[in-house]
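Here are the chains, one letter per residue:
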Amino acid sequence: MTVTVSASGLSLRYGGTRALDEVSLRLSRGVTGLLGPNGAGKTTLLRVLATAVPADRGAFTVLGHDPATARGRQELRRELGYLPQTPGFHPDFTPFAFVDYVAILKELTDRAARHREVRRVLDEADLAEVRGTRIKKLSGGMRQRVALAAALVGDPGFLVLDEPTVGLDPEQRMRFREVIARAGEDRTVLLSTHQTEDVAMLCHRVLVMAGGRIRFDGTPAELTARAAGRVWSSTGRDPGAKAGWRTGAGGFRNVGDPPEGADLLEPTLEDGYLLTLDGDPAEVTA
Ligand SMILES: Nc1ncnc2c1ncn2[C@@H]1O[C@H](COP(=O)(O)OP(=O)(O)OP(=O)(O)O)[C@@H](O)[C@H]1O
């Protein structure tokens, strides 16, 4: 597999907080999911890779461009589509006007070619029918897709998406996933999310971050497999479980080291994720 994004030893401190602590990774084409609890460092990592903020230490390249030089930074930004955690757009703009504005910022100066590109990305994000409707009249899911369309302008090879499915209802999330999956067919996509189903359904690869470090790097199946034989049901709360929660059926689902004779359950990616957060930080790969 061709490596498209490569980072080594990325570190960044905010005062006393180590937001990134020696992060190294290699990405290839397709969608890679980035999971981690609040404050894990996901947004900081995405901001560094999007050249929005420089790391204190470490280096990285995107599609061969090194942001340490002014020219490399410029080339990298031409290959970048970034959907930040809180995208801002003027509510009175239409999707067409907003994406056209972003296209101008991305140096698409020929008006006819730019308008063709704007229509193309609006189609790709499933927004053709509402391209003339004011953004303030669109649903949250459609607004997210407007932000995604803006990130797709100029056909960037590297897409950085920070929690794009947050706040979407299940149907909107499905449609959004379809658009991301399509975008990932021929691009490198790094997708931060709190939704383990996003990762299970979309990603060929998953990274788990906690405390500024990468705690897991492997396939979704490998993350799920971490919980094999470590998930069980019980009628009451099991004090020996690392985590346990009441299910809709009234019993408890537990992860950890099951007691003798426990009623074992099929693990999910979420179980593997929870056990990874609880595990040894030195165990990085599957
Ligand atoms: N601009 C900043 N100034 C000071 N501290 C910051 C700043 N940005 C982030 N941090 C701190 O750095 C750490 C990592 O934050 P970051 O936003 O990268 O985490 P995250 O994994 O994206 O979290 P979330 O899932 O809540 O979005 C946190 O402890 C956060 O409080």
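Residues numbered from 1 in each chain as written. Predicted model: local features only at pLDDT ≥ 70, side-chain atom pairs only at ≥ 80, totals over all residues. Heavy atoms only, no water.

**Here's the deal with the domain arrangement of the chain**
Think of interface size as the accessible area that goes away when the parts come together; that is how it is often given.
Then, number 1: Segmenting the chain into domains produces domain 1 (1-79 + 156-223), domain 2 (87-155) and domain 3 (224-278).
Then, number 2: If you look at the interface, domain 1 gives 17 residues, while domain 2 gives 16 residues.
Then, number 3: Summed over both partners, the interface of domain 1 with domain 2 comes to about 1300 Å²; 52% of that surface belongs to carbon and sulfur atoms.
Then, number 4: For the pair domain 1 and domain 2, the number of links is four salt bridges.
Then, number 5: When the shortest N-O distance is used, the salt bridge between Arg78 and Glu107 registers 3.3 Å.
Then, number 6: At the junction of domain 1 with domain 2, the criterion picks out seven residue pairs in polar contact (both at pLDDT 80 or more).
Then, number 7: The element that contributes the greatest number of residues to the side of domain 1 that touches domain 2 is helix H6 (residues 170-183), accounting for seven residues.
Then, number 8: Of the residues assigned to the side of domain 1 that touches domain 2, the class counts are nine nonpolar, three polar and five charged. (Domains from an automatic or database assignment. Contact = heavy atoms within 4.5 Å. Buried area = accessible area lost by both parts, 1.4 Å probe. Salt bridge = Lys/Arg side-chain N within 4 Å of Asp/Glu carboxyl O. Polar contact = N/O pair within 3.5 Å; in protein donor to acceptor, adjacent residues only side chain to side chain. Helix = DSSP H or I, 4+ residues; strand = E, 2+ residues; numbered from the N terminus. Nonpolar A, V, L, I, M, F, W, Y, C, P; charged D, E, K, R; others polar.)

**Digging into the sheet that holds strand S4 (residues 57-62)**
Then, number 1: Reading across the sheet, the three strands line up as S2-S1-S4 and stay open at both edges, with antiparallel pairing between neighbours. The outermost strands of the open sheet, each flanked by one partner alone, are strand S2 (17-27) and S4. Averaged over all pairs of adjacent strands, the angle between strand axes in this sheet comes to 20°, irrespective of strand direction.
Then, number 2: Pairing geometry for strand S1 (residues 5-14) and S4, over five bridges, is antiparallel. Along S4, the bridge assignment pairs Ala7 with Phe60. (Pairing = 2+ DSSP bridges. Axes fitted to C-alpha atoms, helices over the stretch in contact; angles between N-to-C directions.)

**So, unusual backbone geometry**
Then, number 1: A positive phi angle, near 50°, is found at Leu63, a position not held by glycine.
Then, number 2: Within the element layout of this structure, Leu63 appears in the loop between S4 and helix H2 (70-78).
Then, number 3: When its relative accessible area of 31% is taken as the criterion, Leu63 is described as partly exposed.
Then, number 4: Phi at Asp126 takes a positive value of approximately 65°, unusual for a residue other than glycine.
Then, number 5: Mapped onto the elements, Asp126 comes out in the loop between helix H4 (111-124) and helix H5 (140-152). (Buried < 20%, exposed > 50% of the residue type's maximum accessible area, 1.4 Å probe, protein only.)

**Points about the side chain of Asp238**
Then, number 1: With respect to the element layout, Asp238 can be found in the loop between strand S10 (231-234) and strand S11 (243-246).
Then, number 2: In this structure Asp238 is buried but unpaired, with Arg237 as the nearest side chain of opposite charge at 9.7 Å.
Then, number 3: From its side chain, Asp238 meets the backbone nitrogen of Gly240 in a polar contact 2.9 Å long.
Then, number 4: Setting aside its immediate chain neighbours within four residues, Asp238 contacts Trp232, Asn254 and Pro259. (Lys, Arg positive; Asp, Glu negative; His and termini not counted.)

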